[in-house]
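One letter stands for each residue in the lines below.
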Amino acid sequence: QVQVVDSGGGLVQPGGSLRLSCAASGKIFEINEMAWYRQAPGKERALVASILNGLNGAKITYADSVKGRFTISSDNAKHTTYLQMNSLKPDDTAMYYCKMDLKVENWAPFYDHWGQGTQVTVSS
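Quick summary incoming for the structure in this document. In this numbering scheme, every chain counts its residues from 1 along its sequence in written order. Local features in this predicted model are restricted to residues whose pLDDT is 70 or higher, and side-chain atom pairs enter the listing and the counts only when it is 80 or higher, whereas totals over whole chains, interfaces and linings include all residues. Computation of side-chain values: all heavy atoms of the structure, hydrogens and water removed.

Turning our eyes to something else, we now look at the nonpolar core. With 28 residues, the main nonpolar core has Trp-36, Val-48, Phe-70, Leu-83, Met-85, Tyr-96 and Met-100 as its most contacted residues. Of all the elements in the fold, those that place two or more residues in this core are strand 3 (18-25), strand 4 (30-39), strand 5 (46-53), strand 7 (70-75), strand 8 (80-85), strand 9 (94-103) and strand 11 (118-122). Sort the elements by how many residues they give to this core and strand 9 lands first, with 5 residues. Setting aside its immediate chain neighbours within four residues, Tyr-96 contacts Asp-6, Leu-20, Trp-36, Tyr-37, Arg-38, Val-48, Phe-70, Leu-83, Met-85, Gly-117, Thr-118 and Val-120. The set of buried Ala, Val, Leu, Ile, Met, Phe, Trp, Tyr and Cys residues whose side-chain atoms join them within 4.5 Å is what this entry labels a nonpolar core. Each residue's exposure class comes from its accessible area (1.4 Å probe, protein chains only) as a fraction of the maximum for that residue type: buried when under 20%, exposed when over 50%, partly exposed otherwise. A run of DSSP states H or I qualifies as a helix once it reaches four residues; a run of E qualifies as a strand once it reaches two. Both are numbered from the N-terminal end. The contact definition used throughout considers only heavy atoms, calling two residues in contact when any of these lie within 4.5 Å.

The next thing to look at is the sheet that holds strand 3. The strands that make up a sheet are held in pairs by hydrogen bonds between backbone atoms, and each pair lies either parallel or antiparallel. Pairing between two strands is assigned when DSSP locates at least 2 bridges connecting them. With antiparallel pairing, the 4 strands of this open sheet are ordered in space as 1-3-8-7. The open sheet has two free edges, formed respectively by strand 1 (3-7) and strand 7, since each of these has just one partner strand. In this sheet, neighbouring strand axes are inclined to one another by 15° on average, regardless of whether the strands run parallel or antiparallel. Two elements, strand 7 and strand 8, share 6 bridges in a ladder whose sense is antiparallel. When the bridges of strand 8 are listed, Ser-74 appears paired with Thr-81. Interaxial angles span 0 to 180 degrees and are taken between N-to-C directions of axes, which are lines fitted to C-alpha atoms, for helices over the stretch in contact.

Structure follows, in structure tokens:
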């Protein structure tokens, strides 16, 4: 019922920028967390950035490797999150996945919903 679609990847040169987008659709009561993960070939999937919703604002977390370069943001009304990536490095090359932790009803449990992934390649 719930769909999560991420997009915006592509090929960029070192030092370039990309903005990834992720939108959830369907019956959604509440999104507890929006997050971006990435996975390079032969490596484990790792957290890049996340927004944990709270009563007043949100808690934002970044991986040390992207602090100062990446910015995560959200539009709660649109069930959408964005990842602005600046000063990209070859080590940023990976498949990037959006994850939304949400529930469809107030009484329902939270479940993780993953996007299909969007490829980011940083190369000359």
